[in-house]
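What the coordinates show
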Amino acid sequence: MEMRNNIYRIIEPRTKGRYAGLYDAIMLLAIIIGIFPLMFRTQFKLFWWFDLISGLCFIVDYILRWITADLNSKRSKVAAFLIYPFTPMAIIDLLSILPVFNLLAPSFKIVRVSRFLKIIRVFKFIRYFAPLGIILSVIRKQGKILCTVLSLAIFYIFITALIMFNAEEDINPETGKYLFDNFFDAFYWAACTLTTVGYGDLYPISDTGRVISIISSMVGIAIIALPSGIITAGYMNELRNKKEHQDKKEQY
């Protein structure tokens, strides 16, 4: 039991201690070299070793987390072991491991999508990169408000697209077709305008359409600012709570 407690203290992200810090550094390095080959079209021999080393690290990490699953769970010991493989981060860990089997046995067809599975390894940063963890915590706590803002944004995009689709009836001289040939084109334009991306591939050419575009852009800035403000306020609040919690621990 004492050995499992020691293992748990080492593998738990962002815990203090020499071995815990070393473990975090090794896992971060394993994640980096695990996704590094995805930046290249040509796969060099060195990348095979990168995949193998990172994959073995992920396997060890998965096993250690499984055998200590009950130490961070309110459920019974047996239930914690049984449920752990189905938790979100455990699923990500398992999918990150699967490319290793394709690496060692190329005929193992069940993991032919290994390149896609390697991309999933990026999500492992959530466990070891503190700012990402804080952002996810904020999103969970402010989920209801953010869903309301998202619903508002989707509704606004739909209404704006509907108005523009029926208002912009001029023929595009370059294509000889309507500027918005179908409703999806108008919806795509409305989404780009709302987010102020402005790719420039679709834009109104009539005066009526341009007026609608101006109004849409101005309102879009206000809607986009809402989730940014919510997440920023929540992020600062989480940092404040963490600092207060750390100060209390140091006092004791």
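Rules and cut-offs
Residues numbered from 1 in each chain as written. Predicted model: local features only at pLDDT ≥ 70, side-chain atom pairs only at ≥ 80, totals over all residues. Heavy atoms only, no water. Buried < 20%, exposed > 50% of the residue type's maximum accessible area, 1.4 Å probe, protein only. Helix = DSSP H or I, 4+ residues; strand = E, 2+ residues; numbered from the N terminus. Arc of directions from axis to C-beta. Patch = residues over 30% accessible without salt bridge, like charges linked within 9 Å, V, L, I, M, F, W, Y side chains within 5 Å. Areas by Shrake-Rupley, 256 points an atom, 1.4 Å probe, with all protein chains shown as cover. Salt bridge = Lys/Arg side-chain N within 4 Å of Asp/Glu carboxyl O. Contact = heavy atoms within 4.5 Å. Axes fitted to C-alpha atoms, helices over the stretch in contact; angles between N-to-C directions. Parallel < 35°, antiparallel > 145°, perpendicular 65-115°, else oblique. Left-handed = near helix turned anticlockwise from the far one by under 90°. Nonpolar A, V, L, I, M, F, W, Y, C, P; charged D, E, K, R; others polar.

Moving on, we come to helix H1 (residues 2-11). For H1, the set of buried residues is Arg4, Ile7, Tyr8 and Ile11. End-on, the buried residues of H1 take up no more than an arc of 100 degrees, which puts them together on one face.

Where nonpolar side chains cluster on the molecular surface, the patch consists of Phe36, Met39, Phe40, Phe44, Leu46, Trp49 and Ile53 and spans about 690 Å² of accessible area. Mapped onto the fold, Phe40 is located in the loop between helix H2 (18-35) and helix H3 (45-67).

With that out of the way, let us pick up the environment of Arg127. Residue placement: Arg127 occurs in helix H7 (residues 125-128). The exposure class assigned to Arg127 is buried, which follows from its relative accessible area of 11%. Each C-alpha atom, one on Arg127 and one on Met89, is 8.3 Å from the other, the two residues being 38 residues apart in sequence.

Inspection of the secondary structure puts Leu28 in helix H2. Taking the relative accessible area as the measure of exposure, Leu28 reaches 26% and is therefore partly exposed. Considering only alpha carbons, one finds Leu28 and Phe129, 101 residues apart in sequence, at a separation of 8.7 Å. Not counting the four nearest positions on each side in its chain, Leu28 is found in contact with Phe125 and Tyr128.

Between helix H9 (residues 143-167) and helix H10 (residues 183-194), whose axes approach to 8 Å, the crossing angle comes to 125 degrees. As summarised for this structure, H9 and H10 are arranged oblique, according to the angle between their axes. Here H9 and H10 pass one another in a crossing that is right-handed. Together, Ala153, Tyr156, Ile157, Phe158, Thr160, Ala161, Leu162, Met164 and Phe165 of H9 and Phe183, Ala186, Phe187, Trp189, Ala190, Ala191 and Leu194 of H10 make up the contact between the two elements. Residue composition of the contact of H9 with H10, grouped by class: 15 nonpolar, one polar and no charged.

In short, shape yes, function no, at least from these values alone.
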